[in-house]
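# Examination of the molecular architecture
Listed here are the chains, written in short residue letters.
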Amino acid sequence: MRTVVLLGPPGSGKGTLAGRLATATKLRHLSTGDILRDEVARDTELGRKAKVHMDRGELVPDGLILDMVRGRIGGEDVLLDGFPRTLAQAEGLAEITPVGAVLYLELTRDEVVRRLSARRVCRDCGENYNLLTQPPATAGRCDRCGGELYQRPDDVPEVIARRYDVYEKDSAPLVEHYESKGVLKRLDGAAPPEHVYAQALKALGHAQA
Ligand code: AP5
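Because the structure is predicted, anything quoted here is derived from the model rather than measured.

Across all of its chains, the model carries zero disulfides by this definition. The closest cysteine sulfur to the non-disulfide-bonded C125 is located on C142, 3.7 Å from its own sulfur. Its relative accessible area of 29% is what places C125 among the partly exposed residues.

Turning next to the sheet that holds strand β2 (residues 28-31). Strand order in the open sheet formed by five strands is β2-β3-β1-β4-β8, and the pairing between neighbours is parallel. The open sheet has two edge strands with one neighbour each: β2 and β8 (184-188). With direction set aside, neighbouring strand axes in the sheet form an average angle of 20°. With respect to the sheet, helix α2 (residues 32-41) is in contact with β2 and β3 (78-81), its orientation differing from that of β2 by roughly 60°.

Around the ligand, 37 residues are found, and the nearest of them are T16, E58, R85, R119 and R163. With respect to the ligand, the side chain of K14 contributes an N or O atom lying 2.9 Å from an oxygen atom. One nitrogen or oxygen atom from the side chain of R119 is found 2.6 Å from an oxygen atom belonging to the ligand. Calculation on the ligand without its partners gives an accessible area of 1,000 Å², and the protein chains cover 96% of this total. Broken down by secondary-structure element, the contributors of at least two residues to the shell around the ligand are α1 (14-25), α2, α6 (109-117), β6 (128-130) and α9 (193-203). Its residues assigned to classes, the shell around the ligand comprises 14 nonpolar, 14 polar and nine charged.

Relative to the helices and strands, L174 resides in helix α8 (residues 173-180). Judged by its relative accessible area of 0%, L174 falls in the buried class. Counting along the chain gives 70 residues from L174 to Y104, while the straight-line C-alpha distance between them is 9.7 Å.

Here α2 crosses helix α3 (residues 45-56) at 115°, and the two axes come no closer than 8 Å. Note on packing geometry: the crossing formed by α2 with α3 is left-handed. From α2, G33, L36, R37, E39 and V40 reach across to α3, where they touch L46, G47, A50, K51 and M54. Here the contact of α2 with α3 is built from residues that sort into five nonpolar, two polar and three charged.

Let us now look at the pattern of salt bridges. Here the idea is simple: oppositely charged side chains can pair when their charged atoms come close. Under the counting rule described, the total for this entry stands at 24 salt bridges. A salt bridge links R20 to E194; its shortest N-O distance comes to 2.7 Å. In this pair, R20 sits in helix α1 while E194 sits in helix α9, placing the two residues 174 residues apart along the sequence. Of the residues examined, E194 reaches a relative accessible area of 44% and is grouped as partly exposed. Across the pair R186 and E106 runs a salt bridge, and its minimum N-O distance is 3.2 Å. Of this pair, R186 sits in strand β8 while E106 is found in strand β4 (residues 99-106), placing the two residues 80 residues apart along the sequence. Given a relative accessible area of 31%, E106 falls into the partly exposed group. A single network of salt bridges, built from pairs that share partners, joins R119, R152, D154, D155 and R163.

Conventions adopted
- Residues numbered from 1 in each chain as written.
- Predicted model: local features only at pLDDT ≥ 70, side-chain atom pairs only at ≥ 80, totals over all residues.
- Heavy atoms only, no water.
- Disulfide = S-S within 2.5 Å.
- Buried < 20%, exposed > 50% of the residue type's maximum accessible area, 1.4 Å probe, protein only.
- Pairing = 2+ DSSP bridges.
- Helix = DSSP H or I, 4+ residues; strand = E, 2+ residues; numbered from the N terminus.
- Axes fitted to C-alpha atoms, helices over the stretch in contact; angles between N-to-C directions.
- Contact = heavy atoms within 4.5 Å.
- Near = heavy atom within 4 Å.
- Polar contact = N/O pair within 3.5 Å; in protein donor to acceptor, adjacent residues only side chain to side chain.
- Areas by Shrake-Rupley, 256 points an atom, 1.4 Å probe, with all protein chains shown as cover.
- Nonpolar A, V, L, I, M, F, W, Y, C, P; charged D, E, K, R; others polar.
- Left-handed = near helix turned anticlockwise from the far one by under 90°.
- Salt bridge = Lys/Arg side-chain N within 4 Å of Asp/Glu carboxyl O.

These figures come from the coordinates and say nothing about function on their own.
Right under this line is the structure:
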């Protein structure tokens, strides 16, 4: 198995798929969004620089992202979630490691807005919920650890809209880029999570566990 990239608009289910897929493929899951949120929470220099962009729904500059991932990839294949997001990042990645497959989760803008407005995340363990499709058993509390559920600051309507616009402008060109390299696999991101997972395993030529 070579390095696998999960590509798709905000809220298309990259993080949800990555958890199960990393276990099945034994690839290490690396989410640039999670790393950045951790840097913000720890109030590091990178976190302070990144927060300004993240709060607006804009991309963190390529130079910062490439420096951040360079120290974290290398020597092993990984499952990349939310990276690369620009052609410059894709070129940077190609210098670090070859990409074996890109799983592209397709989802419409309306569905992105609907999903992300309803997402809640556990403050303690990071578990993801959705008030429409996957609500917690007790309102406001994590089923897994009892932690408090919160709404990401970038999951409010005006920031979701901006994130989608930025995706279309800066990240959508990656579809053509990876298609021309023959590694792009299209998945129906609107299917239920189980089906998305099954499509991903099939696309990677992996038997369902
Ligand atoms: P990041 O955290 O990567 O945000 P994103 O790409 O916008 O993706 P999300 O985490 O919002 O969604 P997802 O696709 O993982 O979906 P999820 O599985 O959670 O990045 C945040 C910010 O950091 C960026 O805006 C940018 O500022 C910065 N950043 C990060 N990486 C960067 C980079 N490389 N370069 C520059 N800047 C960068 O699911 C969403 C919801 O839908 C959940 O509620 C879930 O339960 C539900 N759901 C999932 N799958 C399904 C399904 N199949 N059916 C129904 N509901 C589903």
